[in-house]
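# Survey of secondary and tertiary structure
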Amino acid sequence: MRTRQEARTGTMNATAQRLGTMVMTVLLLGAVGCSSNPPAPSSGIKKAASKEQSGFLKDYSRLTRHPKLDESISAFVNDDAVKNLHAYVGVIVDPVDIYVASDADPSRISAPNAERAALYFKSALIGAVQDAFPVVQEPGPLVLRLRSAIVGVDTGGEVAAEAGGQPQKAVNISKAIVELELVDSVSGEVIAAVVDTEAVEGGEVGHVHLSREERFAAARTGMDNWAVRVREFLNAAHERSSEDADRADKALRPYSGY
């Protein structure tokens, strides 16, 4: 009989495989149609402020261990009866930021490979959250904005040159973490935030054909699992006790008398 952890791992792997297939379909369709409409660029390569905090999140002080998630995840969920995840009906998924390790040289990071990692992870996030919150393009009073960053990337091994190019360094995400927050798309108020320190063993991104290079399979799997864990967080954060539901109901109907 499998242990609970083995069962959870098996479920995550199966979900990640399905998510990976979805992500590659999105990327391939995008590649076919992007000659005249290139994908939106990420917010660029930035340097982490310190080994403890990148500076990406608006506030780190409210992050705590979530009782329903594993030890590598710390989170914050706004418990306001109105301004919480249950109030929103859509989400804008922003381009993914890339932060290099605090002791790394940003100029040595391959911008094209960092961009590939950012695009892949954004697609994985869309696949993970779109049936919880429909993905939209415009801000509104009931729309969240999902901001995310891969933090702590470094230079990896040399990879073969693409057609007409020079050999380049892969982007190493094996020691990277994910920082993510959901903010109100109108006010900018933080509704929820997550830091996931799950390691991606051997994860490197270093070729335009990310889906066909076995060397980079660990990076794809790692980013898929990060996205799955974001969805696990959303599932856990959506659960309300009867007391929470009652408080929310009274806040929305303060003069109803019942």
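Calculation criteria
- Residues numbered from 1 in each chain as written.
- Predicted model: local features only at pLDDT ≥ 70, side-chain atom pairs only at ≥ 80, totals over all residues.
- Heavy atoms only, no water.
- Buried < 20%, exposed > 50% of the residue type's maximum accessible area, 1.4 Å probe, protein only.
- Helix = DSSP H or I, 4+ residues; strand = E, 2+ residues; numbered from the N terminus.
- Pairing = 2+ DSSP bridges.
- Right-handed = clockwise from strand over helix to strand, strands pointing away.
- pLDDT = per-residue confidence, 0-100.
- Contact = heavy atoms within 4.5 Å.
- Salt bridge = Lys/Arg side-chain N within 4 Å of Asp/Glu carboxyl O.
- Core = buried A, V, L, I, M, F, W, Y, C linked by side-chain atoms within 4.5 Å.
- Phe/Tyr/Trp six-rings, centres within 6.5 Å; stacked < 30°, edge-to-face > 60°.

## Looking at the pairing of strand 5 (residues 97-100)
Where a strand is regular, its side chains alternate between the two sheet faces. Side chains Asp 97 and Tyr 99 project from strand 5 onto one buried face, and the interleaved Ile 98 and Val 100 project onto a second face that is buried too. Across three bridges, strand 1 (residues 45-47) lies against strand 5 in parallel orientation. Bridged to Lys 47 within strand 5 is Val 100. Two strands pair when backbone bridges link them, and strand 5 and strand 6 (residues 143-159) are joined in this way by four bridges, in the parallel orientation. Looking at the pairing, Val 100 lines up with Val 153 of strand 6. With helix 2 (residues 111-129) bridging strand 5 and its parallel neighbour strand 6, the resulting β-α-β unit is left-handed.

## Some details on the confidence of the model for the protein chain
The pLDDT averaged across the protein chain works out to 77; a share of 69% of its residues lies at or above 70. Taken together, the stretch residues 1-7 has pLDDT below 50 and engages in two contacts with residues farther than four places along the chain or on a different chain. Across residues 18-42, confidence stays below pLDDT 50; counting only partners more than four residues off in sequence or on other chains, it has 30 contacts.

## Examining the pattern of salt bridges
Scanning the model with the defined rule gives ten salt bridges in all. Put simply, Lys 46 and Asp 97 hold a salt bridge, and the shortest N to O gap is 3.3 Å. With a gap of 51 residues between them, Lys 46 in strand 1 and Asp 97 in strand 5 connect regions that are remote in the sequence. Glu 181 serves as the salt-bridge partner of Lys 58, at 3.4 Å between the closest nitrogen and oxygen. In this pair, Lys 58 is assigned in the loop between strand 1 and strand 2 (64-65) and Glu 181 in strand 8 (residues 177-184), connecting sequence segments 123 residues apart. Overall, Glu 181 belongs to the buried group, its relative accessible area being 1%. One continuous salt-bridge network, built from bridges that share partners, spans Asp 70, Asp 196, Glu 198 and Arg 229.

## Some words on the nonpolar core
Leu 85, Phe 121, Ile 150, Ile 173, Leu 182, Met 223 and Trp 226 are the most contacted members of the largest nonpolar core, which totals 47 residues. Those elements that place two or more of their residues in this core are strand 3 (73-77), strand 4 (90-93), strand 5, helix 2, strand 6, strand 8, strand 9 (190-196) and helix 3 (217-238). With residues near it in sequence (within four places) discarded, Trp 226 still touches Phe 121, Ile 150, Ile 173, Ala 176, Ile 177, Val 178, Asp 196, Glu 198 and Val 200. Within the second largest apolar cluster, 14 residues are counted, among which are Tyr 60, Ala 149, Val 151 and Val 190.

## As for the packing of aromatic side chains
Per the counting criterion, the structure on display carries two aromatic pairs. Ring geometry for Phe 56 versus Tyr 99: centroids 6.1 Å apart, planes at 75°, classification edge-to-face. With Phe 56 in the loop between strand 1 and strand 2 and Tyr 99 in strand 5, this pair connects stretches of sequence that are 43 residues apart. The exposure class of Phe 56 is buried, given its relative accessible area of 5%. For Tyr 99, a relative accessible area of 7% gives the class buried. For the pair Phe 121 and Trp 226, a centre-to-centre distance of 5.8 Å together with 75° between the ring planes defines the contact as edge-to-face. You can see Phe 121 sitting in helix 2 and its partner Trp 226 sitting in helix 3, a full 105 residues away along the chain.

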